[in-house]
Amino acid sequence: MVALSFYILLGISVLLAAALVYAALIISKRQKSTERILSYDDLTGLLSERGFDREASRLLQAHPDTPYFILDMDIDNFTYYRNLYGFEQSDILLKSIAALIFDVMGPDEAAARIRYDHFVFLLAGESEKLRTELQVRFTQFLNNMSKKQVMVHFGAYQVVDREEPIQGMRMKAVAAKKQVKGKRTELIGLYNRQLFLKQRTEIELSGKFDAALKNGDFEVFFQPKYDSVSEFIAGAEALVRWRRSDGSLMMPDEFVPVFERNGLVTRLDFYVFEEVCRTMVAFQKNDIPLVPISVNFSRINLYNTTFAEKIIEIVQQYELDPSLIEIEITESAYFEHEELLEDVARVLHNAGFKMSIDDFGKGYSSLNLMKGNSFDVVKIDQAFLDHNAENVETSMVILKNILQLTRELKLETVAEGVESRAQVEFLRESGCHLIQGFCFSKPVPCNRFRELLLTAAAIA
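Bear in mind the structure is a predicted one, so any value in this text is a computation, not a measurement.

A. Focus on the nonpolar core. If you look at the biggest cluster of nonpolar residues, it comprises 76 residues, and the most contacted ones within it are Phe 218, Phe 255, Phe 259, Phe 273, Val 276 and Ile 327. Broken down by element, the residue count for this core peaks at 11 residues, all from helix α9 (residues 265–285). When residues no more than four places from it in sequence are discounted, the contact partners of Ile 327 are Phe 273, Val 295, Phe 297, Ile 311, Leu 348, Phe 353, Lys 354, Met 355 and Ser 356. Leu 71, Ile 75, Leu 94 and Ile 97 belong to the second-largest nonpolar core, a separate cluster that totals 29 residues.

In structure tokens:
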């Protein structure tokens, strides 16, 4: 009886052990299946971001004597392509690109689709011959892209420290790509010492942003706009400067592009906007004559669905007349965010704000902006005033016709970058309403702007 019980218990133990082994095999199989799903891109069959980072790390460790570089690639204006041809055709394009990528890959290399039209590679190659090798290796690939009426750009980073996280290497390749993005003749950007220093500067500036905002280190300057006939101040543009700890000023072209890339520009825009509102309230209390002030807003703000409402709320909070505020948005934003821009412009225009097309003629010159009746001001890019010997007649004809068009549409015009009396006379004769530039005044601090307004009022 004891022996029988022993064998029964032994049998049960064996069955339990077998069940556990089977369960472990099932779990392991599922884990491997899950890992494969996470490691590969469903659409193209290339590695996923996670899969690429693991495989690239493995290859770098397995081949310590092989020189490698990270290559980042994406399609120019892919969003436009998708909007034009639809999602199905866009997916077909991405699959065909993946097929071409498989053709150029070696056995000890890796490629992945990170997201949308963004691809990344780990390729073997010598840094001294990198650009030449890439052009030779991807010749057929680029020819096929050209047939599909698609242009791509690459950024390359030569692997130096194999212990560096793959994500960091990829970011350096992305930084290299940004240097050539949009260029027709230069398709490959290489990461170098200059880019390293630029990245370090950007990190430092971004790290100081919060403290600078809190301490009031961002100062608002005002560049007056003058009536072309009376030559009295009729408005101004708010421009930001960054006061360094040593008292010197950092110009916006040194930090605004950085904040546009990392998204901090939206906070800076509204900081400047509120500073303008505070200034105008202070002027009102002290009987300083008020003129319309224009404030620039980056196109990134258009992604915020409450952008227009936030502007309206702030002006109401300060109890200001919205007609004294001019909202400037660059013309190029229309090309990227047509519907968003039109919606925002309509809401703000109907709320009583002046809406301005900044840098008109610099980018895409979309006349559709004028058709919507939501814009009040056209700010003409200073490039039209660059009358060198080669293009003076052409520039004058174009500018005169722009001004004629805006007159007929009853739009106010502002010419920026005016530096000479000859330019002033030409603009006045051509019917431009307002003139802004060093010919009359550079951007000045708030106190100096206050003095200019008082002086103009006394003369008038």
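There is more to say after this.
B. Fine view of the side chain of Arg 113. As for its placement among the helices and strands, Arg 113 is situated in strand β2 (residues 110–115). A distance of 2.8 Å separates the side chain of Arg 113 from the backbone oxygen of Tyr 116, its partner in a polar contact. With near-sequence residues (within four places) excluded, Arg 113 lies in contact with Asp 41, Leu 43, Thr 44, Leu 46, Leu 47, Ser 48, Glu 49, Leu 94, His 118 and Phe 119.

C. Up close: empty space enclosed by the protein. This structure, assessed with the given rule, holds 1 cavity of 30 Å³ or more. Every residue along the wall of the largest cavity is listed here: Phe 222, Val 276, Thr 279, Met 280, Phe 283, Pro 289, Leu 290, Val 291, Ile 293, Phe 449 and Leu 453. Contributing elements (two or more residues each) for the lining of the largest cavity: α9 and α16 (446–459). Element by element, the count of residues in the lining of the largest cavity is highest for α9, at 4 residues. Split by residue class, the lining of the largest cavity holds 10 nonpolar, 1 polar and no charged.

So, how was this worked out
- Residues numbered from 1 in each chain as written.
- Predicted model: local features only at pLDDT ≥ 70, side-chain atom pairs only at ≥ 80, totals over all residues.
- Heavy atoms only, no water.
- Core = buried A, V, L, I, M, F, W, Y, C linked by side-chain atoms within 4.5 Å.
- Buried < 20%, exposed > 50% of the residue type's maximum accessible area, 1.4 Å probe, protein only.
- Helix = DSSP H or I, 4+ residues; strand = E, 2+ residues; numbered from the N terminus.
- Contact = heavy atoms within 4.5 Å.
- Polar contact = N/O pair within 3.5 Å; in protein donor to acceptor, adjacent residues only side chain to side chain.
- 1 Å grid on protein atoms, 1.4 Å probe; cavity = no way out; pocket = protein on both sides within 12 Å on 5 of 7 lines; lining within 4 Å.
- Points joined across faces, edges and corners; volume = space filled by probe spheres on them.
- Nonpolar A, V, L, I, M, F, W, Y, C, P; charged D, E, K, R; others polar.

All we've got here are geometric facts, nothing functional implied.
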